[in-house]
Amino acid sequence: MTTSPLIPNTARIGRTALVVTDLEAMIEFYRDVVGLAVQTRQETTAILGAGETALLVLEQDEDAPPRRREQAGLFHNAFKVPSRAALGGALERIRTHWQLDGASDHYVSEALYLTDPEDNGIEIYTDRPAEEWPRADDGTVQIGTVGLDLADVAAQSDGSTDAPPGTTVGHIHLETSSLEAAREFYVDTLGLTVQTEARSAVFLAAGTYHHHLGVNTWNGRSQPAGGRGLAWFEFIVPDESTLTTVREELADTTVAVDDAAAGIELTDPDGITIRLRVA
């Protein structure tokens, strides 16, 4: 167990990447429904984002099989919009072009849920002011779930067809084959903080955010990740010294550290790739 977190308190989620089979259909979905703009496009890869910020990488593999029922992997990518008006705009786009799966007030945030054409879960949410987040006596955040007033959200819509600048990937939620192994890796090894524990799930953060990472066993996944879906996600860290520290601290462990574009990458116990990159 590390004496200080390998992922520092100032870290945040950067981009997330999906392996997809139908690149055109997925670009259209994330553009028209989620509201992301295509920033770069190559034959088998597209990068989408909001404003000048890249958020999502789509990597085409026409032969990639669907993720099997027993395989770990992505529960949802969570795109955080900067206002309730932008959340209302997202709700309008979903109702116009797609189908809403659900909506919740989590005390710390208000969230919409949907599923993309290749069965990847998506959350679009906006945070409540941090000073309103309920906290336990030890300072950890208490996340809950109650119904969301969709009529009120819709009434505040800005009517935008695009996700506004300031939209980020606020968090990633994973399905794991072992909650114990996931905790050992993300908490004991990387140093993320447990903010909330729920039924068969934990919500983890760098610093005091309500969560950058959710991990659950709700659907009984029992095998490592595979097939199409999540390729990797990344934490943005403050400086090169963080990458050096991670390499040094993990050198004598079973966690392999490899080079990646502009940073390094690790693999969690379910075979999910995490990249660390300096902004």
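Residues numbered from 1 in each chain as written. Predicted model: local features only at pLDDT ≥ 70, side-chain atom pairs only at ≥ 80, totals over all residues. Heavy atoms only, no water.

- Per an unreviewed UniProt entry, the protein carries the name VOC family protein and comes from Natronorubrum aibiense.

1. Section: the sheet that holds strand E15 (residues 258–260)
Okay, step 1: In space, the eight strands of this open sheet follow the order E2-E3-E4-E1-E14-E17-E16-E15, with mixed pairing throughout. Looking at strand neighbours, the two that pair on one side only are strand E2 (37–41) and E15, the edges of this open sheet. Strand after strand, the sheet turns through a mean of 30° between neighbouring axes, direction not considered.
Okay, step 2: Taken together, the four bridges between E2 and strand E3 (residues 45–50) define a ladder with antiparallel strand orientation. Counted as the bridge partner of Arg 41 is Ala 46 from E3.
Okay, step 3: Packing of helix H5 (residues 240–250) onto the sheet brings it into contact with strand E14 (229–237), E15, strand E16 (263–267) and strand E17 (273–278), and relative to E16 it is tilted by some 40°. (Pairing = 2+ DSSP bridges. Helix = DSSP H or I, 4+ residues; strand = E, 2+ residues; numbered from the N terminus. Axes fitted to C-alpha atoms, helices over the stretch in contact; angles between N-to-C directions. Contact = heavy atoms within 4.5 Å.)

2. A word on the pattern of salt bridges
Between side chains of opposite charge, a pair can form as their charged atoms come close.
Okay, step 1: Evaluated as defined, the whole model comprises 15 salt bridges.
Okay, step 2: Among the salt bridges present, the one from Glu 24 reaches Arg 41, with a minimum N-O distance of 2.6 Å. Taken together, the residues Glu 24 in helix H1 (residues 23–34) and Arg 41 in strand E2 connect sequence positions 17 residues apart.
Okay, step 3: The class for Glu 24 is partly exposed, based on a relative accessible area of 47%. (Salt bridge = Lys/Arg side-chain N within 4 Å of Asp/Glu carboxyl O. Buried < 20%, exposed > 50% of the residue type's maximum accessible area, 1.4 Å probe, protein only.)

3. A closer look at the sheet that holds strand E6 (residues 102–105)
Okay, step 1: Strand order in the open sheet formed by nine strands is E9-E6-E7-E8-E5-E10-E13-E12-E11, with mixed pairing between adjacent strands. The two strands at the open ends of the sheet, each matched to only one other strand, are strand E9 (146–147) and strand E11 (193–198).
Okay, step 2: Here seven bridges tie strand E7 (residues 109–115) to strand E8 (residues 121–127), and the two strands are oriented antiparallel to one another. Opposite Leu 112, over in E8, you have Ile 124 as the bridge partner.
Okay, step 3: On top of the sheet, helix H4 (residues 179–189) reaches strand E10 (168–175), E11, strand E12 (201–205) and strand E13 (213–216); it is set at about 10° to E12, its chief contact.

4. Focus: the side chain of His 210
Okay, step 1: Considering the arrangement of structural elements, one finds His 210 in the loop between E12 and E13.
Okay, step 2: At 3.2 Å, the side chain of His 210 and the side chain of Tyr 209 are in polar contact.
Okay, step 3: Here His 211 takes part through its side chain, which lies 3.0 Å from a polar atom of the side chain of His 210.
Okay, step 4: Setting aside its immediate chain neighbours within four residues, His 210 contacts Val 108, Ser 109, Tyr 125, Asp 127, Trp 133, Val 141, Ile 143, Gln 195 and Ala 205. (Polar contact = N/O pair within 3.5 Å; in protein donor to acceptor, adjacent residues only side chain to side chain.)

5. Regarding unusual backbone geometry
Among all residues save glycine, negative phi is the norm, and among peptide bonds the norm is trans.
Okay, step 1: Backbone geometry at Tyr 107 places phi at a positive 70°, although glycine is not the residue there.
Okay, step 2: Note on placement: Tyr 107 falls in the loop between E6 and E7.
Okay, step 3: In this structure, Ser 200 is a non-glycine residue whose phi angle is positive, near 60°.

6. Considering a negative patch on the surface
Okay, step 1: On the surface, a cluster of negative charge is made up of Asp 22, Asp 61, Glu 62 and Asp 63.
Okay, step 2: For Glu 62, the location among the structural elements is in the loop between strand E4 (53–60) and strand E5 (73–80). (Patch = residues over 30% accessible without salt bridge, like charges linked within 9 Å, V, L, I, M, F, W, Y side chains within 5 Å. Areas by Shrake-Rupley, 256 points an atom, 1.4 Å probe, with all protein chains shown as cover. Lys, Arg positive; Asp, Glu negative; His and termini not counted. Charge placed at Lys NZ, Arg CZ, Asp CG, Glu CD.)

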